[in-house]
Amino acid sequence: MLEIKNLKTRFNTYDGVVKALEGVNLDVKEGEIFGIVGETGCGKSVTSYSLMQLLPRTAEVVSGNMSLDGEDITYASESRMREIRGGEIGMIFQDPLSALNPVMKVKDQISEVIRLHQKEELENRTEKVDSGNERNPYILWSLIFVSIVSLFYFLKLEDSFTDTLAKLLFWSSLVGYVFLPEMESNSYRARTAVAETEMVVESLRQVRLPNPSQVANSYPHELSGGMQQRVMIAMALAGRPRLLIADEPTTALDVTIQSQILDLLKKLQKETGMTIVMITHDLGVVAEMCDRVTVMYAGTVVETGNASEIFSDPKHPYTQGLLSALPGESKELSSIGGSVPDLLDPPSGCRFNPRCSIAKAHCSVDVPLLKGEDYKVACHEVKL
Amino acid sequence: MSFMVKTKLLATHFPIQDFFGRELGLVKAVDGVNITITEGSTFGIVGESGCGKTTLARTILGLEKSTSGSTILGSEMSEGTEETNIEELDRAGLRELRRMIGVVFQDPMGALNPRMLVKDLICEPMVIHNQKEGMRERAKELLKMVGLNPDHLYRYPHQFSGGQRQRIVIARALALEPKMLILDEPTSALDVSVQSQILNLLKDLQKKMGLTYVFISHDLSVIRHMCDRVAVMYLGKIVEESEAETLFSNPLHPYTQALVSAIPSLDPKMRRERIVLEGDVPSPADPPSGCHFHPRCPIAEANCSQVYPDLREIKKGCHTACHLVK
Amino acid sequence: MKLWLYVGRRLALTIPVLLGVTLITFSLSLGMGDPAAPYMTEKTTPEQRDKIIEQHNLDAPLPERYITYLSNVLHGEWGFSKTINKPVSEAVKIKFPATLELSILAFIIAVTTAIPLGIFASIRHNRWEDHGVRLFALIGSAVPIFWFALILKYWFAFKYGDITNLPLGYRFDAFLWELDDPIERPTGLLLVDSILAGSWVHFKDAFMHMILPAATLGYASMATTIRLMRGNMLDVLGQDYVRTAKAKGLSSTKVIGHASKNAMIPTVTLLGMGFAGLLSGSVLTETIFQWPGLGLWTIQAMRNLDVSAILGLVIFSAVLTILANLLVDIAYAYLDPRVDLGSQISIVEIVIVFLSFILLGAAYSDLSLGLTVLSVIGFLAVAGIAFATAYFLSTVREISDLWAPAMLFGTAIVVMSIFKNPESNSEIANYFRFIPDFSQLVLIMLAIWILSIAMNWSEFVSSLGPRKEEWKRMSYQFVCNPLAVFGLVIVTLLLLMALFAPVLAPPTEAQLERDPMRMEENFHFNHDLQPPCIEWLSLHPLEGCTGERGEENGFILGSTNKGYDIYYGIVWGSRTSLDVAVKVVFTGTFIAVVIGVISGYYGGRVDEVVMRITDVFLAIPGLVLALAIIAVTNDPSIENLMYALIIVWWPGFTRIIRAEALRIRKLPYVEAARAAGASDFRLIFVHVLPNCITSIIVIATMDMGGIVLSLAGLGFLGFGGGPDLAEWGKLVSFGQEHLLAGETWAFFYPGLVIALWALGFYLLGDGLRDILDPRQRD
């Protein structure tokens, strides 16, 4: 469903060019839960931002292809991207309190998505609306009527009081033309309001929020962390996207709430059949949730495959190091020496080679490519 | 074995005042906690946000005034004399206490004054306690001990990575050769690979220097790895306390069971049914009646909302606060 | 419901502030000679005067006088204004609508242009549009308002007056409004009244008269609002929820719309504080345009030593400011759902409000009751202070605990040394005018610093390495910012001008004898202005240039009508500016840092009290307060002006430092140090203060510019140091009389230098802020 080929993204900063992504290859199948896992600076979030064209102005996609259901969206136009964002790909973020607009009520934030991406549905549920047509002719005609009448009066009459009044009316009606689109959209809003509330409450119920109408009328800071994250999920799903990108959705939450959210996501996936891309640094979450996993390091993909395979028998030295560095039942904890490289000046060849225990001379010269069919590894020393 | 620190019914309450200054209620951040920390061990405190673990640590350190109950220092900590009550210490005594307990906080970025050189940061405790003799040499030694290059004394914190900064914080905590270290979420802000380095370092240092650790975290796998005894806190009270292995292999309290089941297992064959709790973590300003956990408890009964269960010793060394555990 | 409680609470808090203001005005009134003067008219006979004294208890002891005064104020008896020849309260009613109308129009102009511009600049962040808008805004803040007004007046009303038909001043055409076609004026706001009467002619007339003054006033507010809105938008655009909005598929217009709504909220709060600035600005604007409002009246009152008017104006402008702030507070609480409406009131607050209420009530009803309450309050205050001191002393264990009183003591010493004024001795060479005591103090501090380095020499040397790196990085960043470099260049040039004044504009023998800072009158020219000798500088067709000074003949930049050499005035004026700016900023910084740090660090009751005190001072618009102090003390010297400026300036800076100290106190590394056993003394001097320094440096730099603007404003109005002191504002005022003769050089060049000085320091301060603390922005 989603294919990313050789994606290269750069950031132009004060101190130089940060080579954030250096040839990322991903392949997400429809209906699966796909995990992207890695540590800070590995580029997992940058990948999703590149996909959605949400990169800051200082960044650019240098080369590579991204396609959604066969359609190449690497250089898609802004209007196409706006259809995709929220409508075909939904996204949820890490800290729900700061990711939700603090001065807008929940229902307003969700209804925005509905009005953008589910307009038809909205109109279907309302009678008396010409589908697709937001204009209200009555307003326009009334304005024209007032203008003509007042013009007539102030040209004709001399009495100063009615004269001024007529003048005022005339000029106000002119101002009215300026605000015509606003007035029409407000009246459209009013007519579709009932359907809108219905759909908002439905979306909140879908994420198992108790008292959905009360939540809809609240501000984000009045809700708990878990509820905020559910609101964000509801908002992302309101546009009925086929793909949901979850960028560290539970990192800022308490452990018990984390289980609730992960549980919810699994249930939603079964109910709607949507595809989920789960981005996280928490290997445990990935092991729990995901069917297939990609491990990223310093802007490159090092290993891709079935979750069970990767966790039971990791092939890439980085993945192996990562898994044995997890505190678990044994009292021994190995660690990977060194630290994540600075992407301003990354190591040449394989980016992991300075920290790799099995690195050979050629590892710092040749960049290893992702080899394999279903199970892929990018390492010179690994024979599949 | 003698104990280092013991608390008896320690409570730290913060008043909530209404509009007119009248007391509306209390935030019982720490509410009647009894723990005993033995020499040379690592005592873990686990809980989610609002459970009071950080406040507990601060009260033991004397940074927060306790409302009732007492914290008693063992003979090791009181310099050979018999046990002393922290609440009775005067300012000089408190200063001595601070010399004997080192602190490592969560955020390595914020824990170091960005305008001070590493050398000044590490030497600060020595300056405060007037042990300036051979300060610079000692600072170099400390850097070596935590695995950093001693030539980096004259650098600023922002020139180091997150993991290295945390090492500097640990070096600073060890500057005065304390007997005990309180570590509040020391690795939560770090990547997995760096976390393992720091945890290994901490274990090494403990062996070498005979330190006692109080390890606070919300990450259960880390706690399981590091700690000998573990206490689980919920809304200011301890709901279960026992040896680490026992707690993880056979948790008794329903809350602990939910926490332990939430630890993700990497072995797909081992995936068991998760216990997913209903509802949110309640606010310590308005705790539920009776057993604080009852609204979310899967096995709660009528009695649970009326009477608070005391912490009872179920088996040797295992304490639980639940009516339904026999 | 909660909102009403909040409103009520804010309202209640205004009472003590107003009370504080009356205290200030009462103290000022004590310095003003004849205590009966405020209540006398021209026709008062000696017997009537005695009666007045009896009636108002003016010969009674102070507390009684205060209560009577307070009672008078509450009952509307504000005295009699000899300038207007009406009771003060009536005069206020007459004049207020004029100022109100002007301020409202200026405010509308400012807000409707500034908010879109600010938003626009933030969207085009760091591109040339952004730099352009920022420069526009900075110029708006740097340009002296009176100079700008004169320029507008000259260009639009005079030079191109035939095309624009804009009048030269005043509020309306008297012929039209009073003789030919008078209309009802129910509200006093001419625009509104014209609409109500349905008369386009009147409306147009009133509007034409209002445009120029409103544009002037508006420009200054516009400038601050642009920077505010831009800064807030940049903050908001960096927030996570903007990214979420984009991820929902919203168009960029919609996203900006959302961001603007969020950014408006903090902007609204600070707009309220700008209202006080509007009132100050209107004093200057109304003078130039002869606008019959409160501002013009203030100046007239100052000149006539019209005590009651001055004090009444202080109270009234304070009331206006407090109301504006109240409205803004409420608007903020209403707009931002996150504001905690129910946060607890502290004991101090309750006590202060309660006592103020009682005092007011008592003073209103009965004199002796008021006296009793006052003595109770006095007793409580004294007891409170004694108790607090005793408590404080009981907590002192070691020397380092006395850091707070020590700091206060040290500040007192610094302040005294700065203002110790040996009689100016003209035999000392001009170069060393600054050396007396203030410089000695600086030398001492320098010596201490060098000594401390010498004692830890090896330490110092080894720490040089990384510090050099830091400096290199900062200089590089600074150099990359063209505006900052520009500011630095301007500032350096101006400072050099001040330093080399004797060389650039050599004083004559006579001047050296008196005081080179005083300009010399050259009577030869019979009170005619002389244009500059260089044609292109004269802005006016050259009429010939005669004279004995300057380049070849005549004056380089022309002269004023008294024969003052403008060039000389500008060069030596830089010394005046430097002198005043350095002393005021230095003193003010000391006071603000000490009080701010103590208040912010300790928090609690000390903090509350300090905040209330600063509230009282901040309630009175700066210029008004400064003028009142100067008028009351009737001391025309420049030192007096400096004292006035310090009193006006310290509260604002203090609050900023307090906020910084409060923020830093909560940071983890301060906690960590405390956990290691550090004493308060150490925490403040090693951790809190050094981290406040960036703010201090940035604000002090920018205020070097601001102080000179205030100095020039006061000089323009004729205050400070006598008419012949070389001061830029004064020069501008000399020039304004000849505006209509087209002799523009007289006001233009001095004003230009003021603007350059302010602009230079603002740019420099901005640049410093960017390199020292990239977290903060414009």
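The structure this text deals with has already been given above.
Residue positions are given per chain, counting from 1 as you read along its sequence in written order. Chains and ligands are labelled by the order in which they are written, letters from A for the one and numbers from 1 for the other. Selection of residues for local features in this predicted model requires a pLDDT of at least 70, selection of side-chain atom pairs for listing and counting requires 80 or more, and totals for whole chains, interfaces and linings are taken over all residues. Side-chain calculation: all heavy atoms of the structure are included, whereas hydrogens and water are not.

1. Digging into the pairing of strand E9 (residues 292–297) of chain A
Residues in a regular strand project their side chains so that they alternate between the two faces of the sheet.
Residues and elements named next belong to chain A.
Right, so step 1: Burial runs high along E9: 6 of the 6 residues are buried.
Right, so step 2: Where burial is concerned, the two faces of E9 agree: the one with Arg 292, Thr 294 and Met 296 and the one with Val 293, Val 295 and Tyr 297 are both buried.
Right, so step 3: In this description, strands pair whenever DSSP reports at least two bridges between them. Only DSSP runs of H or I covering at least 4 residues are called helices, and only runs of E covering at least 2 are called strands; the numbering of each starts at the N terminus. Sheet analysis places strand E3 (residues 33–37) next to E9, joined by 4 bridges and oriented parallel. Bridged to Phe 34 within E9 is Arg 292.
Right, so step 4: Of the strand pairs in this sheet, E9 and strand E10 (residues 300–306) are connected by 6 bridges, and their pairing is antiparallel. Across the sheet, the residue bridging to Arg 292 is Asn 306, located in E10.
Right, so step 5: Taken together, E9 and the strand that follows it, E10, pair antiparallel across an intervening segment of 2 residues, in which Ala 298 is found at a positive phi of about 45°. Remark: exposure states derive from per-residue accessible area (1.4 Å probe, protein chains only) relative to the maximum for the residue type, with buried under 20%, exposed over 50%, and partly exposed in between.

2. A look at the interface of chain A and chain B
Right, so step 1: Throughout, a residue-residue contact means that at least one pair of heavy atoms, one from each residue, lies within 4.5 Å. Each partner contributes to the interface: chain A provides 37 residues, whereas chain B provides 34 residues.
Right, so step 2: Two parts placed together each lose some accessible area under a 1.4 Å probe, and adding up what both lose gives the buried area. Approximately 3,000 Å² of surface area, both sides summed, lies buried where chain A meets chain B, with 54% of it carried by carbon and sulfur atoms.
Right, so step 3: Salt bridge criterion: a side-chain nitrogen from Lys or Arg within 4 Å of a carboxyl oxygen from Asp or Glu. Viewed at the interface, chain B and chain A are joined by 0 salt bridges.
Right, so step 4: What qualifies as a polar contact is a pair of N or O atoms within 3.5 Å, subject to a donor-acceptor requirement within protein and to the restriction that residues adjacent in sequence count only when both atoms come from side chains. Where chain A touches chain B, the interface holds 12 residue pairs in polar contact (both at pLDDT 80 or more).
Right, so step 5: By residue number, the principal contributor to the side of chain A that touches chain B is helix H11 (residues 255–272) of chain A, which donates 6 residues.
Right, so step 6: Residues of the side of chain A that touches chain B, tallied by class, amount to 14 nonpolar, 15 polar and 8 charged. Under the grouping applied here, Gly and all other residues not named as nonpolar or charged are polar, the nonpolar ones being Ala, Val, Leu, Ile, Met, Phe, Trp, Tyr, Cys and Pro and the charged ones Asp, Glu, Lys and Arg.

3. What to know about the pattern of salt bridges
Right, so step 1: A full pass over the atoms with the stated rule returns 46 salt bridges over all chains.
Right, so step 2: A salt bridge links Asp 615 of chain C to Arg 612 of chain C; the shortest N-O distance between them is 2.5 Å. Remark: Arg 612 of chain C and Asp 615 of chain C occur in helix H24 (residues 604–618); sequence separation between them is 3 residues, near one turn of the helix. The same class applies to Asp 615 of chain C and to Arg 612 of chain C, which are both buried.
Right, so step 3: With a closest N to O distance of 3.3 Å, Arg 769 of chain C and Asp 766 of chain C form a salt bridge. Taken together, the positions of Arg 769 of chain C and Asp 766 of chain C, both in helix H30 (residues 745–772) and 3 residues apart, correspond to about one turn of that helix.
Right, so step 4: A single network of salt bridges, built from pairs that share partners, joins Asp 69, Glu 71, Arg 80, Glu 83, Glu 88 and Arg 242 of chain A.

4. Remarks on helix H1 (residues 44–52) of chain A
Right, so step 1: In terms of residue burial, H1 of chain A counts as a mostly covered element, since 8 of its 9 residues are buried.
Right, so step 2: Those residues of H1 of chain A that fall on the buried side of the exposure criterion are Lys 44, Val 46, Thr 47, Ser 48, Tyr 49, Ser 50, Leu 51 and Met 52 of chain A.

5. Notes on the packing of helix H1 (residues 2–30) of chain C against helix H15 (residues 347–365) of chain C
Residues and elements named next belong to chain C.
Right, so step 1: Every angle, taken between N-to-C directions, lies between 0 and 180 degrees, and every axis is a line fitted to C-alpha atoms, over only the stretch in contact when it is a helix. Running from amino to carboxyl end, H1 crosses H15 at an angle of 65°, the nearest separation of the two axes being 9 Å. Helix-helix and strand crossings are classified by hand; for H1 and H15 the assignment is left-handed. Residues Arg 9, Ala 12, Leu 13, Ile 15, Pro 16 and Leu 19 of H1 form the contact with H15, whose participating residues are Glu 349, Ile 352, Val 353, Ser 356, Phe 357, Leu 359 and Leu 360.
Right, so step 2: Partitioning the contact of H1 with H15 into residue classes produces 10 nonpolar, 1 polar and 2 charged. When the near helix sits turned anticlockwise from the far one by under a right angle, the crossing is termed left-handed; a clockwise turn instead gives a right-handed crossing.

6. Things to note about the packing of aromatic side chains
Residues and elements named next belong to chain C.
Right, so step 1: In this analysis, rings of Phe, Tyr and Trp, with Trp reduced to its six-membered ring, are considered paired at centre separations within 6.5 Å, and the interplanar angle assigns stacked below 30 degrees, edge-to-face beyond 60, and tilted for intermediate values. This structure, assessed with the given rule, holds 24 aromatic pairs over all chains.
Right, so step 2: Each ring, one from Tyr 154 and one from Trp 155, has its centre 6.5 Å from the other, and the planes form 90°; the classification is edge-to-face.
Right, so step 3: Judged by relative accessible area, which is 8%, Tyr 154 ranks as buried.
Right, so step 4: Classification of Trp 155 as partly exposed rests on a relative accessible area of 39%.
Right, so step 5: Seen from their ring centres, Phe 681 and Phe 685 are 4.9 Å apart, and the 45° between their planes marks the pair as tilted. With Phe 681 and Phe 685 both in helix H28 (residues 680–716) and 4 residues apart, the pair spans about one turn of that helix.

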